[in-house]
Amino acid sequence: MTFRAPLSEYEFLLNTVIGFDQITATERFAEADGDVVSAILNEAGKLCNEVMAPLNRGGDLTPSALENGVLRSAPGFGDGWKAIAEGGWIGMSAPQEHGGMGLPMTLTTAVNEMMSGACLSLQLAPLMSQGQIEALEHHASDALKELYLPKLISGEWAGTMNLTEPQAGSDVGALSSKAEPNGDGTYAISGQKIFITWGDNDFAENICHLVLARLPDGAAGTKGISLFLVPKYLPNEDGSLGAANDLKVVSLEHKLGLHGSPTCVMQYDGAKGWLVGEAHGGMAAMFTMMNNARLGVGGQGVGISEAAYQQALDYALERKQGKSASGSIADHADVRRMLMEMKADTYAARAILLACAHAIDMQVATGEAEWKARAAFLTPIAKAFGTETGIRQADTGVQVHGGMGFIEETGAAQLLRDVRVTSIYEGTNGIQAMDLVARKMMDGGDMAHRIIDEIEAQAEGARATHPNMGEAVWQACESLRETTEWMVAQDDLQERFAGAVPYLRAFARVLGGHFHLSAAIADKGGPREKLARFYIKRMLPEHAGLLVHAQEGYAGTMALTLEELAG
Ligand SMILES: Cc1cc2nc3c(=O)[nH]c(=O)nc-3n(C[C@H](O)[C@H](O)[C@H](O)COP(=O)(O)OP(=O)(O)OC[C@H]3O[C@@H](n4cnc5c(N)ncnc54)[C@H](O)[C@@H]3O)c2cc1C
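Residues numbered from 1 in each chain as written. Predicted model: local features only at pLDDT ≥ 70, side-chain atom pairs only at ≥ 80, totals over all residues. Heavy atoms only, no water.

Novice: Help me understand the overall build of the protein in this model?
Specialist: If you tally the helices and strands in the protein, you get 21 helices and 11 strands. For a compact globule of 567 residues, the expected C-alpha radius of gyration is about 24 Å, and the protein comes in at 24 Å, within 12% of that figure. Considering only C-alpha atoms, the protein reaches an extent of 70 × 60 × 55 Å along its principal axes. Relative to all contacts within the protein whose residues are 6 or more apart in sequence, the contacts with residues 24 or more apart total 74%. Approximately 22,400 Å² of the protein is accessible, and the part contributed by carbon and sulfur atoms is 53%. If the 44 positive side-chain charges of the protein are averaged to one point and the 70 negative ones to another, these points end up 6 Å apart. (Helix = DSSP H or I, 4+ residues; strand = E, 2+ residues; numbered from the N terminus. Rg over C-alpha atoms; globule rule 2.2 N^0.38 Å. Contact = heavy atoms within 4.5 Å. Areas by Shrake-Rupley, 256 points an atom, 1.4 Å probe, with all protein chains shown as cover. Lys, Arg positive; Asp, Glu negative; His and termini not counted. Charge placed at Lys NZ, Arg CZ, Asp CG, Glu CD.)

Novice: Quick question: what am I supposed to make of the state of the cysteines here?
Specialist: What is meant by a disulfide is a covalent connection between two cysteines, made through their sulfur atoms. Scanning the entire structure with this criterion turns up zero disulfides. This cysteine, Cys119, is not joined by any disulfide, and Cys48 carries the nearest cysteine sulfur, 10.0 Å off. In this structure Cys119 comes out as buried when scored by relative accessible area, which is 0%. Free cysteine Cys356: the closest other cysteine sulfur is in Cys477, separated by 19 Å. (Disulfide = S-S within 2.5 Å. Buried < 20%, exposed > 50% of the residue type's maximum accessible area, 1.4 Å probe, protein only.)

Novice: Could you clarify how one ought to interpret the packing of aromatic side chains in this entry?
Specialist: Describing an aromatic ring pair means giving the distance of the ring centres and the angle of the ring planes. Scanning the model with the defined rule gives seven aromatic pairs in all. Centroid distance Tyr148 to Trp157: 5.4 Å. Interplanar angle 70°. Geometry classified as edge-to-face. Assigned by exposure class, Tyr148 and Trp157 land together as buried. Through a chain of ring-to-ring contacts, three or more aromatic side chains come together here, namely Phe77, Trp81, Trp198 and Phe203. (Phe/Tyr/Trp six-rings, centres within 6.5 Å; stacked < 30°, edge-to-face > 60°.)

Novice: For this particular structure, what's the right way to read a nonpolar patch on the surface?
Specialist: Judged by side-chain polarity, Met404, Phe406 and Ile407 come together as a nonpolar surface patch covering roughly 310 Å² of accessible area. Note that Ile407 resides in the loop between helix 11 (369–400) and helix 12 (412–419). Looking at Ile407, the relative accessible area reads 38%, which means it is partly exposed. (Patch = residues over 30% accessible without salt bridge, like charges linked within 9 Å, V, L, I, M, F, W, Y side chains within 5 Å. Salt bridge = Lys/Arg side-chain N within 4 Å of Asp/Glu carboxyl O.)

Novice: Explain the pattern of salt bridges to me, please; I cannot follow it from the model alone.
Specialist: Once the charged atoms of two side chains with opposite charge are near each other, the side chains can pair. On inspection of all chains with the given rule, the structure shows 31 salt bridges. The shortest N-O distance in the salt bridge between Glu388 and Arg505 comes to 2.8 Å. With Glu388 in helix 11 and Arg505 in helix 17 (residues 500–522), this residue pair connects regions lying 117 residues apart in the sequence. Since its relative accessible area comes to 15%, Glu388 is described here as buried. On the basis of relative accessible area, Arg505 is assigned to the partly exposed category, the value being 33%. The salt bridge partner of Glu408 is Arg417, with a shortest N-O separation of 2.9 Å. Residue classification places Glu408 among the partly exposed residues on the basis of a relative accessible area of 32%. A relative accessible area of 15% means that Arg417 is categorised as buried.

Novice: Mind showing me how you'd approach the packing of helix 17 against helix 18 (residues 527–539) here?
Specialist: A pair of packed helices can be characterised by two numbers: the angle between their axes and the separation between those axes. Between helix 17 and helix 18, whose axes approach to 8 Å, the crossing angle comes to 155°. When the interaxial angle is binned, helix 17 and helix 18 end up roughly antiparallel. Along this stretch, helix 17 crosses helix 18, giving a crossing that reads as left-handed. Taken together, the residues of helix 18 that come into contact with helix 17 (itself represented by Ala508, Arg509, Gly512, Gly513, His516, Leu517, Ala519 and Ala520) are Arg528, Glu529, Leu531, Ala532, Tyr535, Ile536 and Met539. The class makeup of the residues in the contact of helix 17 with helix 18 is nine nonpolar, three polar and three charged. (Axes fitted to C-alpha atoms, helices over the stretch in contact; angles between N-to-C directions. Parallel < 35°, antiparallel > 145°, perpendicular 65-115°, else oblique. Left-handed = near helix turned anticlockwise from the far one by under 90°. Nonpolar A, V, L, I, M, F, W, Y, C, P; charged D, E, K, R; others polar.)

Novice: Any chance you could explain the site of the ligand here in plain terms?
Specialist: As a structural note, the neighbourhood of the ligand is formed by 18 residues, with Thr164, Ser170, Phe195, Thr197 and Thr428 the closest of them. Contact distances for the ligand include 2.8 Å between a nitrogen atom and a backbone N or O atom of Met161. One nitrogen or oxygen atom from the side chain of Thr164 is found 2.7 Å from a nitrogen atom belonging to the ligand. When isolated, the ligand has an accessible area of 970 Å², and the protein chains bury 62% of it. Of all the secondary structure elements, the ones that give two or more residues to the shell around the ligand are strand 3 (157–162), strand 5 (187–197) and helix 13 (429–437). (Near = heavy atom within 4 Å. Polar contact = N/O pair within 3.5 Å; in protein donor to acceptor, adjacent residues only side chain to side chain.)

Novice: Please clarify how the pairing of strand 3 should be interpreted in this entry.
Specialist: Each regular strand carries side chains that alternate between the two faces of the sheet. Buried residues dominate strand 3, accounting for six of its six residues. Here strand 3 shows two buried faces, one formed by Trp157, Gly159 and Met161 and the other by Ala158, Thr160 and Asn162. Pairing between strand 3 and strand 6 (residues 206–214): six bridges, direction parallel. In the strand pairing of strand 6, Ala158 is matched with Ile207. (Pairing = 2+ DSSP bridges.)

Novice: Honestly, the environment of Ala284 in this entry has me stumped. Any pointers?
Specialist: Positionally, Ala284 belongs in helix 9 (residues 282–318). Linking Ala284 and Leu61, residues 223 residues apart in sequence, is a C-alpha distance of 39 Å.

Okay, here's the thing in structure tokens:
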């Protein structure tokens, strides 16, 4: 399969749908004008097509391995990392004073998505560094920033994030890793972390671990957790590398997919670390990294959705079965349905992703609470819908291939195996949905209603040129509004949680209708209008069933006792 970075999709979405010009109209991002955007997307596209995509299959066939305690990366991944680092892609949105490019997160999101479609296993490495850079930028001392940020941004060093322990997964507050003050301003970190992505590699000089641990006076639960920076090699003041720290990779996990990305069990035995942010304020600091990563993981789903679509289309155009206009299976109605669903949903998920990144940029540029609330609201939707779209479309991609989809040599199966974890890590999609209906509705549903109002206003306006599509989106908004009111009225959060996932999916469906309608308006009579009609008539109606489910509440979900479930 030959991956082709979807440059024209990005140009269209940024210029016509998302309002990228609103970002460049701010002083903060004034330099990111149209020429810069085109140049960036083109260069990133070359990197994806020519360097990263050719590494994808090899990473699956020859996974990263641990040999006598030394990690060997998959073939060519070191060169891939070098190309990513030298292109400046790790520090695209990082501060310029530390060597970054200071570009909008919207552009970084676009580039990260393309990289994910090209080679997800390798893309995880710069994504981890980006999250760490952002966490250090906002929470670390000046001394730590001076020492670490330039090296992380240049790719000389790489970053990881260490939350998970065997007994502390979604419940991060249950962690037992400890941090003892050394008396010199540093700390001794001890404990075991599992599932650590790129916990080691053989291409960066140093690996910098952000580790959550509890100080001796830390309270139980999330409130008593602190964040520490724990490097593999202890740096000297001039940045040169000193002694090895007391930490190691114990083993690598055997996984369903993502074989090129080593998932490590890490052991810390009194390793020297530096506090990042306030003592006991680790979760706040870590959330900076996690929010960044949530958007990034949503983009991973969209990237794989794109790759699966391209591969399915290529195969369908070649494969001849039965009688059809062109002779290929692409002219059978059911195969065409699958291709249309893949294309329509990839567009919807990508637009939601970019809308979230756009809100983040506007928050950074203006400091306005409205943008902050909007970004916070859209993040769980972008993460969950992006990843579910990736999984669904990779699955559909296998189906389009028929039996060959089940045979590894086509690569369709790898996409499905690789993308499956994206709905699990960075907060499972269930946790994302609960966040949406609880924390993100602590404003009484104001942000949700403001977004619904905007979509409804657009649908109202579209009635003149696109009466059927406008009406369908308008009606969907009314249903979504009703269920949002129901959600907010439930004081018992369990009632909300029982319907959180279908509610999030319905919200995403309606947002997708909104962005497809924008495309239809911009491309009247063209292919984007036709695709929008397909989505709005055939895929948007799914929201109605989802909203019924969302409002059914807790009792029915819990109706069977545990004994009856087992019966
Ligand atoms: C390939 C891979 C890479 C990873 N990389 C990293 C990494 O770099 N760093 C890191 O720290 N971690 C990493 N993780 C860990 C990942 O973030 C966790 O697996 C994830 O947070 C879920 O935790 P868990 O596996 O313990 O599942 P559990 O928490 O045991 O969840 C099991 C199920 O129960 C549900 N559930 C749990 N609690 C609740 C609740 N309160 N309400 C409703 N439902 C609930 C979940 O949604 C899920 O469906 C990685 C995992 C994998 C598989």
